[in-house]
Amino acid sequence: MAGTVADAMADLAPEDFHLLSGVEQGMRFSEWVNREKLPDFSGLTTENVDFHLNRMLDLELIERKTIQYEGIKLTQRGYDALALHTFAERGTIEGFGAPLGVGKESDVYEVESYKPLALKFHREGFANFRAVRRERDYTADREHVSWLYTARKAAEREYEALETLYPAVSVPQPIDQNRHAIVMEKVPGVELAKARLPDEQVRGVLELILRELQTAYQAGFVHADISEYNVFVASEGITLFDWPQAVPVDHDNAEEFLRRDIENITSYFERKYPGQIGEIDTDSIATAIEDGTFDRLD
């Protein structure tokens, strides 16, 4: 989807982005923006709104629905276009590449810049908004919460965590963030879930992951969603990614989340590599990580 948006970017005029930004502004207050309010939100004349609205509908950057009024809202493609436009204006990215991974809560693409980078679009709330609102604390104090808001807050939280942790923790280097999108270092390696480690490396890789969780804790964050799907393994070491659910160590549930992370990753190793890592005491590991004294498994 984002790839086709990137192809259309060169044909979009400044007024198109004014209109898209106006719809975005209106969606702060309601899911569907009254068409009559778009001149005020976008700064365009009524005639310009009519012309560019039809262009945006044809490109599927917005949707239209007749309710008590004619309502307009951004599509994923429209929100992607706004973020891509900002990155291009900043000089962060110069071209769009192949998809690196597509999931329920994010889409990741390779992008061209001074070096190959990765562009991650957060999708939290688009497919299952109620579940995300229930699980994410940044939606608790708002009466109207759109998927644009939840996706943007997820990107902001992940970017904040990456900025804090890099380079002390092995995470992707953060480059830029706008709206629901993050530009970061393209991480080498393969997902832990897809890797088959030699027997002699199993214990060492698990210890590496736990030491990185310890360094992150000492730097102020608990990942809160660690699994075999957000660890990359390469010849140079491991990288922990996907930090939108990270919580600061003074969060009320930080200790619980840390223990859950440790249990998730150790349970994966026990299932995939039975007999390779021996007895695991997750409580002792969690206590050692909190104290900064974890080094290796007993």
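Going by the structure above, here's the rest.
All of the points below concern the structure found in this document. Computed from a prediction, not measured in an experiment: that's the story for all the values here. (Residues numbered from 1 in each chain as written. Predicted model: local features only at pLDDT ≥ 70, side-chain atom pairs only at ≥ 80, totals over all residues. Heavy atoms only, no water.)

## Some words on the pairing of strand β5 (residues 106–112)
Quick note on the threshold: Strand pairing follows a simple DSSP-based rule, namely that at least 2 bridges must link the two strands. Secondary structure counts use DSSP, requiring at least four H or I residues in a row for a helix and at least two E residues in a row for a strand, with both numbered from the N terminus.
As paired elements, strand β4 (residues 95–102) and β5 share 5 bridges and run antiparallel to each other. The residue bridging G95 from the neighbouring strand is E112, located in β5. With antiparallel pairing between neighbouring strands as the criterion, β4 and β5 make up a hairpin whose turn holds 3 residues. As defined by bridge partners, β5 adjoins strand β6 (residues 117–122) across 6 bridges and the pair is classed as antiparallel. Each bridged residue has a counterpart across the sheet, and for Y109 the counterpart in β6 is L119. If you look at the hairpin formed by β5 and β6, you'll find 4 residues sitting between the two strands.

## Some remarks on the environment of S30
Our working definition: Throughout this description, buried means an accessible area under 20% of the type-specific maximum (1.4 Å probe, protein chains only), exposed means over 50%, and partly exposed covers the range between. Two N or O atoms count as a polar contact when they lie within 3.5 Å, although within protein this holds only if one can serve as hydrogen donor and the other as acceptor, and sequence-adjacent residues are included solely when both atoms are side-chain atoms.
Within the secondary structure layout, S30 lies in the loop between α2 (14–26) and β1 (33–34). Looking at S30, the relative accessible area reads 25%, which means it is partly exposed. Sequence spacing of S30 and K153 is 123 residues, and the spatial spacing of their C-alpha atoms is 17 Å. Here the side chain of S30 touches W32 through a polar contact of 2.8 Å, landing on its backbone oxygen.

## Here we look at the pattern of salt bridges
Going by this rule: Salt bridges are defined as contacts in which a side-chain nitrogen from Lys or Arg sits within 4 Å of a carboxyl oxygen from Asp or Glu.
Scanning the model with the defined rule gives 21 salt bridges in all. A salt bridge links K186 to E110, with the nearest nitrogen and oxygen atoms 3.4 Å apart. You can see K186 sitting in the loop between β8 (181–185) and β9 (190–191) and its partner E110 sitting in strand β5, a full 76 residues away along the chain. A relative accessible area of 23% places E110 in the partly exposed class. Close ionic contact of E156 with R152 constitutes a salt bridge, the shortest N to O distance being 2.8 Å. Taken together, the residues span about one helical turn, with E156 and R152 both in helix α7 (residues 147–165) at a distance of 4 residues. Linked through salt bridges whose partners overlap, the residues forming this network are R35, D50, R64 and E70.

## Digging into the side chain of T92
What counts is decided by this rule: In what follows, a contact means two residues having at least one pair of non-hydrogen atoms within 4.5 Å.
Within the fold, T92 resides in the loop between α5 (76–90) and β4. In terms of polar contacts, T92 uses its side chain to reach the side chain of D176, at 2.6 Å. What T92 contacts, discounting residues up to four positions off in sequence, is F87, S113, L117, I175, D176 and V183.

## Considering the packing of helix α9 (residues 254–272) against helix α10 (residues 282–291)
Basically, it comes down to this: Interaxial angles span 0 to 180 degrees and are taken between N-to-C directions of axes, which are lines fitted to C-alpha atoms, for helices over the stretch in contact. Roughly parallel means an angle under 35 degrees; roughly antiparallel means over 145; roughly perpendicular covers 65 to 115; every other angle is labelled oblique. By convention the crossing between two helices is left-handed if the near helix lies anticlockwise of the far one by an angle smaller than a right angle, and right-handed if it lies clockwise. Put simply, Ala, Val, Leu, Ile, Met, Phe, Trp, Tyr, Cys and Pro go in the nonpolar bin, Asp, Glu, Lys and Arg in the charged bin, and everything else, Gly too, in the polar bin.
Closest axis-to-axis distance for the α9/α10 pair is 10 Å, and the angle between their directions is 125 degrees. Considered as vectors, α9 and α10 are oriented oblique to each other. Here α9 and α10 pass one another in a crossing that is right-handed. From α9, E255, L258, R259, I262, E263 and T266 reach across to α10, where they touch T282, D283, I285, A286, T287, I289 and E290. Partitioning the contact of α9 with α10 into residue classes produces 5 nonpolar, 3 polar and 5 charged.

## Brief notes about the nonpolar core
Taken as a class, soluble globular proteins show a tendency for nonpolar side chains to be buried jointly. Keep this limit in mind: In this description, a nonpolar core means a group of buried Ala, Val, Leu, Ile, Met, Phe, Trp, Tyr and Cys residues linked to one another through side-chain atoms lying within 4.5 Å. A domain assignment, automatic or from a database, supplies the domain bounds used here.
L192, I209, L210, W243 and F269 are the most contacted members of the largest nonpolar core, which has 42 residues in total. The set of elements that each furnish at least two residues to this core consists of α7, α8 (199–219), β10 (221–222), β11 (231–234), β12 (237–240), α9 and α10. Ranked by residue count, the leading element in this core is α8, at 8 residues. When we break this core down by domain, the ones giving at least three residues each are domain 2 (92–186) and domain 3 (190–291). Sequence-distant contacts of W243, that is, excluding residues within four places in its chain, are made with R157, E158, A161, L162, L165, V171, A216, V222 and H223. If you look at the next biggest cluster of nonpolar residues, it comprises 35 residues, including V5, F17, A81 and F87.

Shape is all these values report; function is a separate question.
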